[in-house]
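Observations on the three-dimensional arrangement
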Amino acid sequence: MQVPLLDLKLQYQNLKQEIDKAIMDVVESQRFILGPTVKELEDEFTEYLNIKYAYGVSSGTDALLIALMAIGIKPGDEVIVPTYSFFATAGVVARLNATPVFVDIDPVTFNIAPEKIEEKITENTKAIIPVHLYGQSADMQPIVEIAQKHGLKVIEDGAQAISVRYGDGRNVGTIGDIGCFSFFPSKNLGGFGDGGLVVTNDDELAHMLRIMRVHGGEPKYYHKVIGGNFRLDAIQAAVIKVKLPHLDGWSEQRRKHAEFYNKAFVESGLAEETGKTKFDDKNKILLPKAVYKDSNVKNYHIFNQYVIRVEKRNELKDFLKENGIGSEIYYPVPFHKQECFKDLPSVDDDYPVADMAAETSLALPVFPELTQEQIEYVVDKVTEFLQK
Ligand SMILES: *Cc1c(COP(=O)(O)O)cnc(C)c1O
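What counts and how
Every chain begins its residue count from 1, and numbering advances along the sequence as written. Selection of residues for local features in this predicted model requires a pLDDT of at least 70, selection of side-chain atom pairs for listing and counting requires 80 or more, and totals for whole chains, interfaces and linings are taken over all residues. To get the side-chain values, take all heavy atoms of the structure and skip hydrogens and water. The helix count covers DSSP runs of H or I at least four residues long, the strand count covers runs of E at least two residues long, and both are numbered beginning at the N terminus. Each radius of gyration reported is based on C-alpha atoms, and the globular scaling rule is 2.2 Å times the count of residues to the power 0.38. In what follows, residue pairs with any heavy atoms lying within 4.5 Å of each other are defined as contacts. Areas reported here follow the Shrake-Rupley algorithm with a probe of radius 1.4 Å; residue values treat only the protein chains shown as occluding. Within this scheme the basic residues Lys and Arg register as positive and the acidic residues Asp and Glu register as negative, but His and the chain ends are omitted. A charged residue contributes its charge at one atom only: NZ of Lys, CZ of Arg, CG of Asp or CD of Glu. The cut-offs for exposure are 20% and 50% of the maximum accessible area for each residue type, with area from a 1.4 Å probe on protein chains only; residues under the lower value are buried, those over the upper are exposed, and the others partly exposed. Whenever a nitrogen or oxygen atom comes within 3.5 Å of another N or O atom, the pair is scored as a polar contact, on the condition that within protein one atom can donate a hydrogen and the other can accept it, and that pairs from neighbouring residues in sequence are kept only if both atoms are in side chains. DSSP-based pairing: two strands are paired if at least 2 bridges between them are found. Here, the term right-handed applies to a crossover whose path from the first strand over the helix to the second runs clockwise when the strands point away from the viewer. Nearness is judged by heavy atoms alone; a residue qualifies as near a molecule or strand once a single heavy atom is within 4 Å of it. Each residue gets one of three labels, nonpolar for Ala, Val, Leu, Ile, Met, Phe, Trp, Tyr, Cys and Pro, charged for Asp, Glu, Lys and Arg, and polar for the others, Gly among them. For this analysis, a nonpolar core means a set of buried residues of the types Ala, Val, Leu, Ile, Met, Phe, Trp, Tyr and Cys, connected via side-chain atoms within 4.5 Å. Source of the domain bounds: an automatic or database domain assignment. Confidence per residue, as judged by the predictor, is encoded in pLDDT with a range of 0 to 100. A patch consists of residues whose relative accessible area exceeds 30% and which take part in no salt bridge; residues with like charges are grouped when within 9 Å of each other, and nonpolar side chains (Val, Leu, Ile, Met, Phe, Trp, Tyr) when within 5 Å. Each reported salt bridge corresponds to a side-chain nitrogen of Lys or Arg within 4 Å of a carboxyl oxygen of Asp or Glu.

The next thing to look at is the overall build of the protein. From N to C terminus, the protein includes 11 helices and 10 strands. Here the protein has a C-alpha radius of gyration of 21 Å; the compact-globule value for 388 residues is 21 Å, and the two agree. Long-range contacts, defined as pairs at least 24 residues apart, comprise 70% of the intrachain contacts of the protein with a sequence gap of at least 6. Approximately 17000 Å² of the protein is accessible, and the part contributed by carbon and sulfur atoms is 49%. With 43 positive and 57 negative side-chain charges, the protein shows a separation of 2 Å between the mean positions of the two kinds.

What follows covers the side chain of aspartate 104. For aspartate 104, the position within the fold is in the loop between strand 3 (99-103) and strand 4 (125-128). By relative accessible area, which is 1% here, aspartate 104 ends up buried. Of the polar contacts made by the side chain of aspartate 104, one reaches the backbone nitrogen of alanine 354; its length is 2.9 Å. Those residues within four positions of aspartate 104 in sequence are excluded, and the remaining contacts are Thr83, Ile112, Ala113, Lys116, Asp350, Tyr351, Pro352, Val353 and Ala354.

As defined by bridge partners, strand 2 (residues 78-82) adjoins strand 4 across 3 bridges and the pair is classed as parallel. The residue of strand 4 that forms the bridge with valine 79 is alanine 127. As judged from the 2 bridges shared by strand 4 and strand 5 (residues 153-157), these two strands associate in the parallel manner. Counted as the bridge partner of isoleucine 128 is valine 154 from strand 5. In this region the chain leaves strand 4, passes through helix 5 (residues 140-150) and returns to the parallel neighbour strand 5; the handedness of that crossover is right-handed.

Around the ligand, the surrounding shell holds 16 residues, and the nearest of these are Gly60, Thr61, Asp157, Ser182 and Lys187. Within the side chain of aspartate 157, a nitrogen or oxygen atom sits 2.8 Å from a nitrogen atom of the ligand. Contact between the ligand and glutamine 160: an oxygen atom at 2.8 Å from a side-chain N or O atom of the residue. Bound to the protein, the ligand loses 93% of the 380 Å² it would expose on its own. Listing elements by their share of the shell around the ligand, those giving two or more residues are helix 3 (60-70) and helix 4 (88-95). By residue number, the principal contributor to the shell around the ligand is helix 3, which donates 3 residues. The residue inventory of the shell around the ligand, partitioned by class, reads 6 nonpolar, 8 polar and 2 charged.

If you look at the biggest cluster of nonpolar residues, it comprises 50 residues, and the most contacted ones within it are Leu68, Tyr84, Ile155, Ile178 and Val198. Within the residue set of this core, elements represented by two or more residues are strand 1 (53-57), helix 3, strand 2, helix 4, strand 6 (178-182), helix 6 (203-212) and helix 10 (352-360). Per-element accounting of this core gives the leading share, 8 residues, to helix 3. Structurally, this core is a two-domain feature, drawing no fewer than three residues from each of domain 1 (8-103 + 110-245) and domain 2 (247-386). Residues in contact with isoleucine 178, not counting those within four places in the same chain, are Ala67, Ala70, Ile71, Val154, Ile155, Glu156, Gly173, Val198, Val199, Thr200, Leu205 and Leu209. Grouped together as the second largest cluster of nonpolar side chains are 32 residues, Leu15, Val26, Phe181 and Ala237 included.

Moving on to the confidence of the model for the protein. With 98% of its residues at a pLDDT of 70 or more, the protein shows a mean pLDDT of 95. Throughout residues 295-299 the model reports pLDDT below 50, and contacts reaching past four residues in sequence, or to other chains, amount to 14 contacts.

With that settled, the discussion passes to a negative patch on the surface. A cluster of like negative charges, contributed by Glu115, Glu119, Asp349 and Asp350, occupies part of the molecular surface. Residue position: aspartate 350 is located in the loop between helix 9 (313-322) and helix 10.

So, in structure tokens, the structure goes:
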């Protein structure tokens, strides 16, 4: 049996008629840059996320970059980021000649460890970028409190987490000063190319984001500030508009698959329960746990990735591949070990949790259209390998 890590063809087949028509409508209109389609999508997002302003941008990376530009990050400023994330989270900071300062992660959620943030704050610190990794909210309340205490801005990296809610019911991306999302095809809400979204409740930041998106001119051709071309393409907006109403249903499917995996691995005796953080005889596999569960909130983990940890990770990955199962390592190298960051003064050896995650984590297929048969096959093969 073949079980790819992700198969986007199935999603497209289910929506093909609607999507093809939406694309052709843009083609017929010949209005490719911003325009009515992008505006309609932005209006839908302000409602869906319950936020005052939402702007389509060119990618998730550019969403982060424009957010940092809008809050005025300059050379020499420091921005705190988790050391374990997709490269863009730290890359955008360095591209502005500011310094990314790395913080270790929480051993259960893989998100930035709030209790390790304050020791990294200096007089140059300007902002914190919590990442809602794999589709689970970072613990925002302590992060926002620390930011307020030290006068820092909070830019949320929600690239993997659009529609996720924090325990108090607020959408991630709407809790800090600016929220950033990605429509990269493999995200939970993916376009047919690159795209992203920035959101804020702040009038002044909204103004900056709006003009930064079109080179910073206001009025056009008169520049007080320097922005860039950070526009969302109307064809992408058209595709995402068709997909948005399906997002919650897809997330439910992902959550069901994740729950099935968790139960099955506990039943097979490979783990005592979810959320364990140390390997031993009873825990050959460490399973993801959905936390912030205390409220009646639905979408607290939407499993953009379902990530387990196993000691013989590379061998398991090879074994799964031999058996037709796709898996991936998110991420093999934490920021503090990236060659491009090796000269940063902030790098130290203080990242045991991220180091362990980089050595042991493996994402298994969890996309909505997986069949029960496929998931059971993955469970069987992982179990077969670990019981060897
Ligand atoms: C995907 C991703 C990004 C970047 O988004 P792009 O649309 O690919 O530029 C940023 N941060 C995280 C955590 C991501 O997963």
